[in-house]
Amino acid sequence: YAIGARVRNGWCDYIGLRDVRQQNKDLQQQLTRMHIAQAAIAEDALQGQRLQAMLAFKERYVGSTVAAQVIGESGSDTSHVLTIDKGSRDGLRPDMPVITQDGIVGKLRDVFPTTSQVLEINDLTSGAGVILTTTRIRAILRGTVSGRVQILNLTADSRIKPGEQVLTSGGDQVYQIGRAHV
């Protein structure tokens, strides 16, 4: 009798273990689906934030902007020029600023009927008047040979904090007073 009970209990434990393994497999698959769903929700949230920023940008500049897409670039390490898909037929003219919701990109250099070339702010021949946000010191933001930007015309005692935000000053007659994302 004791041996039969042990066999029966062992058999029941085996059946129960098979059920537990199947439940474990099902739960792992459910967890994988939930991770995928969570990643999709996180991506949707990021996209929503980007769309909100774009909407706020559009509302701020409604009527004074033309949405364009980059369709080409200079392909050179020393020249920072982009080609966009809008031109004089869209009301664009040379020296107009090119901006995004993050800040300035550059200014229009050559404008053709259906395309334009944008001289990026980080080009060696480009620049903008700026104001440092914490000290309110006026300076010039210029591109470098390496495609970075630097701030010039500061006095020796002027201090710039790493990551400090700068605003375009409007003094260059190209960029309105606003944020220059550097």
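Overview of the structure. Please read all numbers here as calculations on a predicted model, not as lab measurements.

A look at the overall build of the chain
Each helix and strand counted, the chain has one helix and ten strands in total. Secondary structure elements of the chain occur, N-terminal to C-terminal, as α-β-β-β-β-β-β-β-β-β-β. Residues classed as buried in the chain amount to 23% of the 182 residues present. Considering only contacts within the chain whose residues lie at least 6 apart along the sequence, 43% involve residues at least 24 apart.

What to know about unusual backbone geometry
Note: most residues except glycine have negative phi, and most peptide bonds are trans. A positive phi angle is found at Asp95, which is not glycine, with a value near 75 degrees. Residue position: Asp95 is located in the loop between β2 (81-84) and β3 (97-100).

Remarks on the environment of Ser74
Here Ser74 is to be found in the loop between β1 (70-73) and β2. Each C-alpha atom of the pair Ser74 and Gln117 lies 9.4 Å from the other, and the pair is 43 residues apart in sequence. Those residues in contact with Ser74 that lie beyond four places of it in its chain are Ser79, His80 and Val81.

A short note on the side chain of Thr144
Looking at the secondary structure, you find Thr144 in the loop between β7 (138-143) and β8 (149-152). With near-sequence residues (within four places) excluded, Thr144 lies in contact with Asn122, Leu124 and Gln150.

Quick word on the sheet that holds β1
Strand order in the open sheet formed by five strands is β1-β2-β5-β4-β3, and the pairing between neighbours is antiparallel. The sheet is open, and its two edges are formed by β1 and β3, each paired on a single side. Going from strand to strand, the sheet's axes swing by 35 degrees on average, the running direction of each strand aside. Pairing between β2 and strand β5 (residues 116-120): four bridges, direction antiparallel. Bridging from a neighbouring strand, Ile84 pairs with Ser116 of β5.

A short note on the pairing of strand β6 (residues 127-132)
Of all six residues making up β6, five are buried, and the element is well covered by its neighbours. Taken together, the five bridges between β6 and β7 define a ladder with antiparallel strand orientation. In the sheet register, Gly129 faces β7, and the bridge partner there is Ile140.

Thoughts on the pairing of β7
Residues Ala139, Leu141 and Gly143 of β7 are buried on one face, while the alternating residues Arg138, Ile140 and Arg142, pointing to the opposite face, are not. Hairpin connection from β6 to β7: five residues lie between these consecutive antiparallel strands, with Arg136 at a positive phi of about 65 degrees. Pairing of β7 with β8 involves four bridges; the strand directions are antiparallel. Its bridge partner being in β8, Leu141 is matched across the sheet by Ile151.

A word on the pattern of salt bridges
Evaluation of the coordinates by the stated rule reveals two salt bridges. Across the pair Lys107 and Asp95 runs a salt bridge whose closest N-O atoms are separated by 3.5 Å. With a gap of twelve residues between them, Lys107 in strand β4 (residues 103-111) and Asp95 in the loop between β2 and β3 connect regions that are remote in the sequence. Overall, the relative accessible area of 25% leaves Lys107 in the partly exposed class.

Some details on the environment of Ser146
Among the secondary structure elements, Ser146 is positioned in the loop between β7 and β8. In sequence terms Ser146 and Ser79 are 67 residues apart; their C-alpha atoms lie 9.5 Å from each other. One polar contact links Ser146 to Thr144, side chain to side chain, over a distance of 3.0 Å.

What about the side chain of Ser116?
If you trace the backbone, Ser116 turns up in strand β5. Residue classification places Ser116 among the buried residues on the basis of a relative accessible area of 0%. At 2.8 Å, the side chain of Ser116 and the backbone oxygen of Lys86 are in polar contact. Each residue touching Ser116, except ones within four places of it in the same chain, is listed here: Leu82, Thr83, Ile84, Lys86, Gly87, Leu92, Leu108, Asp110 and Val111.

Thresholds, definitions, all that
Counting restarts for each chain: residues are numbered from 1 in the order of the written sequence. Two thresholds apply to this predicted model, a pLDDT of at least 70 for residue-level local features and 80 or more for giving and counting side-chain atom pairs, whereas whole-chain, interface and lining totals are computed over all residues. Hydrogens and water molecules were not included; the side-chain quantities draw on all heavy atoms of the structure. Labels follow the DSSP assignment, with helices taken as runs of H or I lasting at least four residues and strands as runs of E lasting at least two, numbered in each case from the N terminus. Accessibility here uses a 1.4 Å probe with only protein chains present; expressed as a share of the type maximum, an area under 20% marks a residue as buried, one over 50% as exposed, and anything in between as partly exposed. Whether two residues are in contact is decided by their heavy atoms, any of which lying within 4.5 Å being enough. Any two strands are treated as partners once DSSP identifies two or more bridges connecting them. Geometry is summarised by axes, namely lines fitted to C-alpha atoms with helices restricted to the contacting stretch, and by angles between N-to-C directions that run from 0 to 180 degrees. The rule for a salt bridge is simple: a side-chain nitrogen of Lys or Arg has to be within 4 Å of a carboxyl oxygen of Asp or Glu. Pairs of N or O atoms are called polar contacts if they sit within 3.5 Å, as long as, within protein, a hydrogen donor faces a hydrogen acceptor (for residues adjacent in sequence, only side-chain-to-side-chain pairs).

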